[in-house]
Amino acid sequence: MGLSGRRLLVDIDADEVIALLNKAFADEWLAYYQYWVGAKVVKGPMKESVIAELLQHAADELRHADMVSNRIIQLGGTPLLSPKEWMEHSNCGYDTPVDPYVMEILRQNVDGERCAIGVYKKLMDITKDKDVVTYEMALQILQDEVEHEEDLQALQEDFEMMMKR
Ligand SMILES: [Fe+2]
Ligand SMILES: [Fe+2]
């Protein structure tokens, strides 16, 4: 099926979907880098388990960027071509890990995941029954983001328990 066929499957303005996908695409790259560089600088108790989790999440965010960019191209759009555009288009922004303390890095990333969950929920609401392919992709990514938030919260709980005893 060619581009027009794929566009015909979309019962809303494809350009509107492409714009939203590009915003999510910017979020994914920024999330990828925030996790990746966070894993490099993080310090404190339980550092090793936190690093392992951050690197796994970084890999997932990069995979999400790949999925989102593929959908943008299918719809006839172009993924943002310059990192400069990521900050301009991002929904969730970038939380610079200036404080390398484990609990602070975890908090920043939990906030990021909560934002990402909102972004994909909104994308699902907008594409429901109108652009099934984008809807299904957003659902898959949303499931990962929910899991990410849970994983980070489990680490926060372990950390708090360790500090209490
Ligand atoms: Fe993601
Ligand atoms: Fe995530």
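For the structure, see preceding data.
Throughout what follows, the structure given in this document is the object of discussion.

The rules behind each value
Residues numbered from 1 in each chain as written. Chains lettered and ligands numbered in written order. Predicted model: local features only at pLDDT ≥ 70, side-chain atom pairs only at ≥ 80, totals over all residues. Heavy atoms only, no water. Disulfide = S-S within 2.5 Å. Helix = DSSP H or I, 4+ residues; strand = E, 2+ residues; numbered from the N terminus. Buried < 20%, exposed > 50% of the residue type's maximum accessible area, 1.4 Å probe, protein only. Donors = N, O, S within 2.8 Å, 3.2 Å for Na, K, Ca; no water. Patch = residues over 30% accessible without salt bridge, like charges linked within 9 Å, V, L, I, M, F, W, Y side chains within 5 Å. Areas by Shrake-Rupley, 256 points an atom, 1.4 Å probe, with all protein chains shown as cover. Salt bridge = Lys/Arg side-chain N within 4 Å of Asp/Glu carboxyl O. Phe/Tyr/Trp six-rings, centres within 6.5 Å; stacked < 30°, edge-to-face > 60°. Core = buried A, V, L, I, M, F, W, Y, C linked by side-chain atoms within 4.5 Å. Contact = heavy atoms within 4.5 Å. Axes fitted to C-alpha atoms, helices over the stretch in contact; angles between N-to-C directions. Parallel < 35°, antiparallel > 145°, perpendicular 65-115°, else oblique. Left-handed = near helix turned anticlockwise from the far one by under 90°. Nonpolar A, V, L, I, M, F, W, Y, C, P; charged D, E, K, R; others polar.

**Remarks on the state of the cysteines**
Scanning all chains against the criterion turns up one disulfide. The disulfide partner of C92 is C115, and the gap between their sulfur atoms is 2.0 Å. Residues C92 and C115 are joined by a disulfide whose S-S torsion is about -90°; by sign, that bridge is left-handed. In this pair, C92 is assigned in the loop between helix 4 (83-89) and helix 5 (102-127) and C115 in helix 5, connecting sequence segments 23 residues apart. Assessed through its relative accessible area of 26%, C115 is described here as partly exposed.

**Digging into the coordination of the iron ion (ligand 1)**
Protein coordination of the iron ion (ligand 1) is provided by E28 (OE), E28 (OE), E61 (OE), H64 (ND1) and E145 (OE), with donor distances spanning 2.0 to 2.4 Å. Coordination of the iron ion (ligand 1) draws on donor residues from a single chain, spaced E-x32-E-x2-H-x80-E in sequence. Taken as a pair, the iron ion (ligand 1) and the iron ion (ligand 2) lie 4.1 Å from each other and share E61 as a ligand. With E61 in helix 3 (residues 47-74) and E145 in helix 6 (residues 132-164), this residue pair connects regions lying 84 residues apart in the sequence.

**Some thoughts on the coordination of the iron ion (ligand 2)**
Here the iron ion (ligand 2) is held by the protein donor atoms E61 (OE), E113 (OE), E113 (OE), E145 (OE) and H148 (ND1), which lie 2.0 to 2.4 Å from it. Expressed as a motif, the donor residue spacing for the iron ion (ligand 2) is E-x51-E-x31-E-x2-H. E61 gets classed as buried once you look at its relative accessible area, which sits at 1%.

**Looking at a nonpolar patch on the surface**
Among the surface-exposed residues, Y33, W36 and L55 lie close enough to one another that they form a single nonpolar patch of about 280 Å² accessible area. Along the chain, the position of Y33 falls in helix 2 (residues 14-41).

**Re the packing of aromatic side chains**
Enumeration according to the criterion identifies five aromatic pairs in this entry. Pairing W29 with W86 gives two aromatic rings, centres 5.1 Å apart and planes at 5°, and the pair type is stacked. Linking W29 in helix 2 with W86 in helix 4, this pair joins segments that are 57 residues apart in sequence. With relative accessibility at 25%, the residue W29 sits in the partly exposed group.

**Here we look at the environment of D111**
Assignment of secondary structure puts D111 in helix 5. For the pair D111 and D95, spaced 16 residues apart in the sequence, the C-alpha separation amounts to 9.1 Å.

**Topic: the nonpolar core**
L21, F25, V68 and Y120 are the most contacted members of the largest nonpolar core, which has 27 residues in total. Tallying contributions element by element places helix 2 first for this core, with eight residues. Once residues lying within four places of it in the same chain are set aside, the contact partners of F25 are A65, V68, S69, I72, P79, L80 and W86. Formed by 16 residues, the second largest nonpolar core is a distinct cluster that contains Y35, L54, M103 and F159.

**Things to note about the packing of helix 3 against helix 5**
A pair of packed helices is captured by two measures, namely the crossing angle of their axes and the spacing between those axes. Interaxial distance between helix 3 and helix 5 falls to 12 Å at its minimum, and their mutual angle equals 25°. Our classification of the angle between helix 3 and helix 5 gives roughly parallel. Every pair of crossing elements has a handedness; the one defined by helix 3 and helix 5 is left-handed. Seen from helix 3, the contacting residues are K47, V50, L54, H57, E61 and V68; seen from helix 5, they are V102, I105, L106, N109, E113 and Y120. Partitioning the contact of helix 3 with helix 5 into residue classes produces seven nonpolar, two polar and three charged.

Without other data, these values stay purely geometric and don't point to any function.
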